[in-house]
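An overview of the molecular structure
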Amino acid sequence: MLKRCRSVLVLIGLLLMPAGYARAADSNSYLGAGLGVFGLAENGPGISQADSVFGGFLKGGLEINDYLGVEVRIGSTVKGVRDNAAGTFGYPAPFTTSIQAESFISYLAKLRYPLMPAFRPYALLGATTARFKSTLLISGVHTSTVNTVTGLSYGIGGDYAIDERFSAGAEWVQYWNGVTTTPNTKARFWGATAFLHIYF
C-alpha cells in the first residue's frame, strides 16, 4: 500500500506540471477535496453489516480535452459500528462489530459532456484499491481482519465552474460492489460526496 501511495504522489506531481505546459497541451490540471457519506457493507460467516459513515478524499486530475479526463484520489472513512445481541450468528454473548475503509486509492477515467459553459456532467470508470478492516469485540476479546483488495469502480457526477480557478460539484461513486475480501466474505462501498477543485 505504501508503494502505491508513493506512485500516486508521483503521478499527481506529473499532473500538476507548470500551467504553461497544461495550456500548450490544451488541458487543465487540478487539485481537489471531497467530503460526504460513504456506505460500507460486508457479508460472510459471522458478519452481516451495512453502515453509512463519514469519509473524504484528496484528489488530483488532468482534463485532457472537453470530453476526457483522468483522476487519482486518496481517501478514508470512519468506522461503522454495530452492537449485536447474544445468539446472533451463534455467539453466546453480546458482541460488537465494526467495518472501515481505512484507506483507499482510486484510479479513474472521467468521461465529460459540456452541457453548458459552466456545467459539465460526467461519468467515472476505473478501479479502487482499498484497505478494508473488520473487527469483532466479544467478552473483552478483540480480533480484527485487514484485507487490501482492488475492485471495479464507476459513478456519475456534475461539475460547476465558479470561475477560471475554482469549480464545485457533487457525485455518487460505487467504489466496490461485491468484492471478495476473504474466500467466503464479500464487501462493497460507495460514496455520495461534494467536492471543490482548484485549477492550475
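As the structure is a computational prediction, the values presented were derived from the model and not from experiment.

The next point concerns unusual backbone geometry. The backbone phi angle of Phe89 is positive, close to 55 degrees, even though this residue is not glycine. Locating Phe89 in the fold gives a position in the loop between strand E4 (80-84) and strand E5 (95-112). Among the residues examined, Phe89 registers a relative accessible area of 43% and is labelled partly exposed. Within the chain, Ser139 stands out as a residue other than glycine whose phi angle is a positive 50 degrees. Among the structural elements, Ser139 can be located in the loop between strand E6 (119-138) and strand E7 (141-161). Owing to a relative accessible area of 63%, Ser139 belongs among the exposed residues under this scheme.

Here we take up the pattern of salt bridges. Within the structure shown, the criterion is met by 9 salt bridges. With a shortest N-O distance of 3.2 Å, Glu63 and Arg112 are connected by a salt bridge. Of this pair, Glu63 sits in strand E2 (residues 47-63) while Arg112 sits in strand E5, and the two are 49 residues apart along the sequence. As far as the burial class goes, Glu63 and Arg112 line up, both buried. Several salt bridges share partner residues, and in doing so they unite Lys59, Glu71, Arg73, Lys110 and Glu171 into one network.

Moving on to the nonpolar core. Inside soluble globular proteins, nonpolar side chains tend to come together where they are buried. Formed by 21 residues in total, the largest nonpolar core has its most connected members in Phe38, Leu40, Phe104, Phe132, Tyr175, Trp176 and Phe189. When contributions to this core are tallied by element, the ones reaching two or more residues are strand E1 (28-44), E2, E5, E6, strand E8 (166-182) and strand E9 (185-199). Apart from the residues lying within four places of it in its own chain, the contact partners of Leu40 are Gln49, Ala50, Asp51, Val53, Thr77, Val78, Ile99, Gln100, Ala101, Phe132, Arg188 and Phe189.

It is worth spelling out the confidence of the model for the protein chain at this point. Looking at the protein chain as a whole, the pLDDT averages 86, with 86% of positions reaching at least 70. Highest mean pLDDT in the protein chain belongs to strand E3 (residues 68-77) (97); lowest belongs to helix H2 (residues 19-24) (34). For the stretch residues 8-27, pLDDT sits under 50, and the model shows 26 contacts to residues farther than four places along the chain or on other chains.

Conventions adopted
- Residues numbered from 1 in each chain as written.
- Predicted model: local features only at pLDDT ≥ 70, side-chain atom pairs only at ≥ 80, totals over all residues.
- Heavy atoms only, no water.
- Helix = DSSP H or I, 4+ residues; strand = E, 2+ residues; numbered from the N terminus.
- Buried < 20%, exposed > 50% of the residue type's maximum accessible area, 1.4 Å probe, protein only.
- Salt bridge = Lys/Arg side-chain N within 4 Å of Asp/Glu carboxyl O.
- Core = buried A, V, L, I, M, F, W, Y, C linked by side-chain atoms within 4.5 Å.
- Contact = heavy atoms within 4.5 Å.
- pLDDT = per-residue confidence, 0-100.

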